[in-house]
Amino acid sequence: GLRDMAQPSAAEAPAISAYFDGSPVPAFAIDSSHVVTHWNKACERITSIPAELVVGTTDLWRAFYKQKRPCLANLIVSGNQEDSVDQYYAGKCRRSLLIPGAFEVEDFFPRLGESGRWLIFSAAPLRDSEGRVVGAIEMLQDVTEQKSAETDLHNVRLQLEELVERRTSQL
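K.L.:
I'd love a proper account of the nonpolar core, names of residues and values included.
P.N.:
Nonpolar side chains in soluble globular proteins tend to end up buried together. Among the nonpolar cores identified, the biggest contains 31 residues, and Phe28, Trp39, Leu60, Phe64, Leu72 and Phe121 are the most heavily contacted of them. Those elements giving two or more residues to this core turn out to be β1 (27-31), β2 (36-39), α2 (41-47), α3 (72-78), α4 (81-89), β4 (103-109), β5 (117-127) and β6 (133-142). At 5 residues, the largest contribution of residues to this core is made by α3. Those residues in contact with Phe28, other than ones at most four positions away along the chain, are Phe20, His38, Trp39, Cys43, Leu60, Phe64, Ala73, Ala136, Ile137, Glu138 and Leu140. Judged by nonpolar contacts, the second largest core, of 8 residues, contains Ala29, Leu126, Val134 and Ile137.

Quick look at the structure:
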């Protein structure tokens, strides 16, 4: 299946595309030249960017950032991940415990949706049969509602503490 994202066989290309398009998890893949090879329907929904505007380009960053900068998948493909991941995602990133060379980040993206989205995104290298990195896959999870609920809960807790303080001082 995913031996070589840069040059899949004629039989593999439709199967890979069908897998990506059918997945409910927003995902995309890039090859070793940082060209977007796959951008599924779920990724279209979360970013509001159709696949035809991204696939075949190196403009992946436009979906998430105002200015040109690497995405997590780009850093995986570039190698020397530890330094570059820390440079772009300091304090927000952790190494995967399951997949060598993979990372997970949680961050806020103000350009997504009406008022921004919180995403957890994971990127992992795609390797050929000799173990060489030939691309990367990145998967996104929208956790905006969870973050909003956490914020609401925190605010209620603060209000409750304030109320308890006032009542205590009245006694």
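K.L.:
Report on the pattern of salt bridges, specifying residues and quantitative values.
P.N.:
Applying the stated rule across the entire model yields 6 salt bridges. Of the charged contacts in the structure, one is a salt bridge between Arg132 and Asp128, with a shortest N-O distance of 2.8 Å.

Thresholds applied
- Residues numbered from 1 in each chain as written.
- Predicted model: local features only at pLDDT ≥ 70, side-chain atom pairs only at ≥ 80, totals over all residues.
- Heavy atoms only, no water.
- Core = buried A, V, L, I, M, F, W, Y, C linked by side-chain atoms within 4.5 Å.
- Buried < 20%, exposed > 50% of the residue type's maximum accessible area, 1.4 Å probe, protein only.
- Helix = DSSP H or I, 4+ residues; strand = E, 2+ residues; numbered from the N terminus.
- Contact = heavy atoms within 4.5 Å.
- Salt bridge = Lys/Arg side-chain N within 4 Å of Asp/Glu carboxyl O.

In short, the description is geometric, and any link to function would need to be established separately.
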